[in-house]
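# A closer look at the structure
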Amino acid sequence: MQTAILQAFPQADLQVLIVWIVMLETDNEQAARVSSGLLDDPRVIHFYDPEKRFGKAIAEGLHGEGKTAWDIYLFYKPGVQWVETPPQPVSWMHQLYPSSWADPNYYRTGQDLVEELRKSVEQQCYNRACLHPNA
Amino acid sequence: MISLAGSPHAFQQSFNEASEKVRFLAVLSPT
């Protein structure tokens, strides 16, 4: 993400929200603080979700009732608000195993994920004067 | 900086305050 978005689009006027969720035995607040330090950019705000509240809310909004969304990336267009439930993303992708609840059409890993993230930034920022790619 | 303890209000506030922008949200395991 650091290279796919933040470094590739150093002047893109995005708001980046990272939720560090506790899913694995090794996940905790200290680990979240360490990982957040790896994404050092003024456009990024970090949150910590020990109770999986955000993960469950995101999953529910993507037809995954009762599931938890993680390893997931979502873009929201300007104007939409998060009121009681999350708004629908304009694009999204995930790294969950294809047989999971998440739509396999949005499954991306490795370079495919990087390219999809970059494509989404370009599409969402097109004509919005927020796109100034480094390359 | 991390806003701690599953604070939906703080998250919603940050999300909505930036509503004039494209917002990118990632939910990740820290390890």
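Residues numbered from 1 in each chain as written. Chains lettered and ligands numbered in written order. Predicted model: local features only at pLDDT ≥ 70, side-chain atom pairs only at ≥ 80, totals over all residues.

### Observations regarding the overall build of chain B
- Within chain B one finds one helix and two strands.
- Tracing chain B from N to C terminus, the helices and strands come up as β-α-β.
- Of all 31 residues assigned to chain B, the portion counted as buried reaches 32%. (Helix = DSSP H or I, 4+ residues; strand = E, 2+ residues; numbered from the N terminus. Buried ≥ 20, exposed ≤ 12 C-beta atoms within 10 Å, placed from the backbone.)

### Quick word on helix α4 (residues 110–125) of chain A
- Its 16 residues place the ends of α4(A) 23 Å apart at the C-alpha level, agreeing with the 22 Å of an ideal helix rising 1.5 Å per residue.
- Taken together, the buried positions of α4(A) are occupied by A:Leu117, A:Ser120, A:Val121, A:Gln124 and A:Cys125. Down the axis of α4(A), the sector holding all buried residues measures 110 degrees, keeping them to one side. What points out from α4(A), more than 90 degrees from its buried face, is the exposed set A:Gln111, A:Asp112, A:Glu115 and A:Lys119.
- In this structure, the buried side of α4(A) is in contact with α1 (2–7), β3 (72–76) and β4 (91–94) of chain A together with β2 (22–28) of chain B. (Expected span 1.5 Å × (residues − 1). Arc of directions from axis to C-beta. Contact = placed C-beta atoms within 7 Å.)

### Quick notes on the confidence of the model for chain B
Residues and elements named next belong to chain B.
- This prediction gives chain B a mean pLDDT of 82; 77% of its residues lie at or above 70.
- Least confident of the elements in chain B is strand β1 (residues 2–3), whose mean pLDDT is 58; most confident is β2, at 94.
- In the model output, the complex is listed with pTM 0.89 alongside ipTM 0.90. (pLDDT = per-residue confidence, 0-100.)

### What to know about the interface of chain A and chain B
- With 49 residues of chain A at the interface, the matching set in chain B holds 26 residues.
- Going through the elements one at a time, β1 (14–21), α2 (29–37), β2 (44–49), α3 (53–61), β3 and α4 of chain A are the ones with two or more residues in the side of chain A that touches chain B.
- For the side of chain A that touches chain B, the leading source of residues is β1(A), giving eight residues.
- Grouping the constituent residues of the side of chain A that touches chain B by class yields 31 nonpolar, nine polar and nine charged.
- As paired elements, β1(A) and β2(B) share seven bridges and run parallel to each other. In the strand pairing of β2(B), A:Val16 is matched with B:Phe24. (Nonpolar A, V, L, I, M, F, W, Y, C, P; charged D, E, K, R; others polar. Pairing = 2+ DSSP bridges.)

### Describing the environment of A:Cys125
- Within the secondary structure, A:Cys125 sits in helix α4.
- Between the C-alpha atoms of A:Cys125 and A:Asp13, which are 112 residues apart in sequence, the distance is 8.5 Å.

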